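# Geometric and topological summary
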Amino acid sequence: MADDEDQEMPEGAWEGEASKPHDAAVQRALVEAQQTILHFLQNRLRDRDEAEEVLQRFSLRALERAAQLRDVRTVRGWLGRILATTIVDHQRDVIRRRQREEELDPETLESHEAEPDAELDAAICNCLYRLLPTLKAEYADIIWRADILGEPRDRLAASLGTSLNNVTVRLHRGRRALRKRLEEMCRTCPIHGFLDCHCEKAEKFRVEHAAVAGRAK
């Protein structure tokens, strides 16, 4: 008989088992994960307002592409590429504005490439490190080892004493649980730190998110 983990379950049937209750500790983890990205952006861009703008764009893109998590090679690389691309797009927008105000070499725009670097990668890892404890322990462990540390699945199966198929299914389910946390993190207010915030920035984000979701249909 196949392990229970190998049996396919309806969407959402296992969700409550895959993640911890949405309590104060989970909320704190969401805020800390988001603050990790915001602090990185502030250090990179040297401007709080620009950092918040890029964080919002990053959050919208992550929400828009959340369904890709079932197919990506690693969550770490997927988030890193989205953040790197968002930063480059912001920098290009800044350069375009400057080009309208003063003469700049057109090649300046093309010199910006969306490539994750060591600092960006560390920010993504720290973000995930804060979110993983909000998941069921076995899912947090396998995502950490496979998606953060890059441990091969066959080695994971051997160390866990289970089948490769079991590891694949568990990783798939763990990513789905993590996707829920990432979506909640993206909707967390960067100023007040809660999901049901109605400040101006939070309301603006909801409007933009609804527009993105509408285009995706």
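Scroll up to find the structure.
Below you will find a few notes about this structure. (Residues numbered from 1 in each chain as written. Predicted model: local features only at pLDDT ≥ 70, side-chain atom pairs only at ≥ 80, totals over all residues. Heavy atoms only, no water.)

### Focus: helix 3 (residues 48-64)
An ideal rise of 1.5 Å per residue puts 24 Å on 17 residues; helix 3 measures up with 24 Å between its terminal C-alpha atoms. Capping the start of helix 3, D47 holds a side-chain oxygen 3.0 Å from the backbone nitrogen of D49, two or three residues further along. (Helix = DSSP H or I, 4+ residues; strand = E, 2+ residues; numbered from the N terminus. Expected span 1.5 Å × (residues − 1). Polar contact = N/O pair within 3.5 Å; in protein donor to acceptor, adjacent residues only side chain to side chain.)

### Focus on the nonpolar core
In this structure, L41, L83, L178, L182 and M185 are the most contacted members of the largest nonpolar core, which totals 48 residues. Elements with a contribution of two residues or more to this core: helix 2 (24-45), helix 3, helix 4 (75-101), helix 6 (118-131), helix 7 (137-148), helix 8 (153-160) and helix 9 (164-187). Element by element, the count of residues in this core is highest for helix 2, at 8 residues. Non-local contacts of M185, meaning those with residues more than four positions away in its chain, are made with L30, A33, Q34, F58, C127 and L131. (Core = buried A, V, L, I, M, F, W, Y, C linked by side-chain atoms within 4.5 Å. Buried < 20%, exposed > 50% of the residue type's maximum accessible area, 1.4 Å probe, protein only. Contact = heavy atoms within 4.5 Å.)

### Considerations on the pattern of salt bridges
Overall, the coordinates contain 12 salt bridges when judged by the stated rule. Across the pair R44 and E119 runs a salt bridge whose closest N-O atoms are separated by 3.4 Å. Of this pair, R44 sits in helix 2 while E119 sits in helix 6; the two residues are 75 residues apart in sequence, bridging distant segments of the chain. According to the relative accessible area criterion, R44 is partly exposed, its value standing at 27%. When its relative accessible area of 55% is taken as the criterion, E119 is described as exposed. A salt bridge links R57 to D93; its shortest N-O distance comes to 3.2 Å. Placement of R57 in helix 3 and of D93 in helix 4 is noted, with a sequence separation of 36 residues between them. Judged by its relative accessible area of 21%, R57 is partly exposed. Among the charged side chains, a network of salt bridges with common partners joins R44, D117 and E119. (Salt bridge = Lys/Arg side-chain N within 4 Å of Asp/Glu carboxyl O.)

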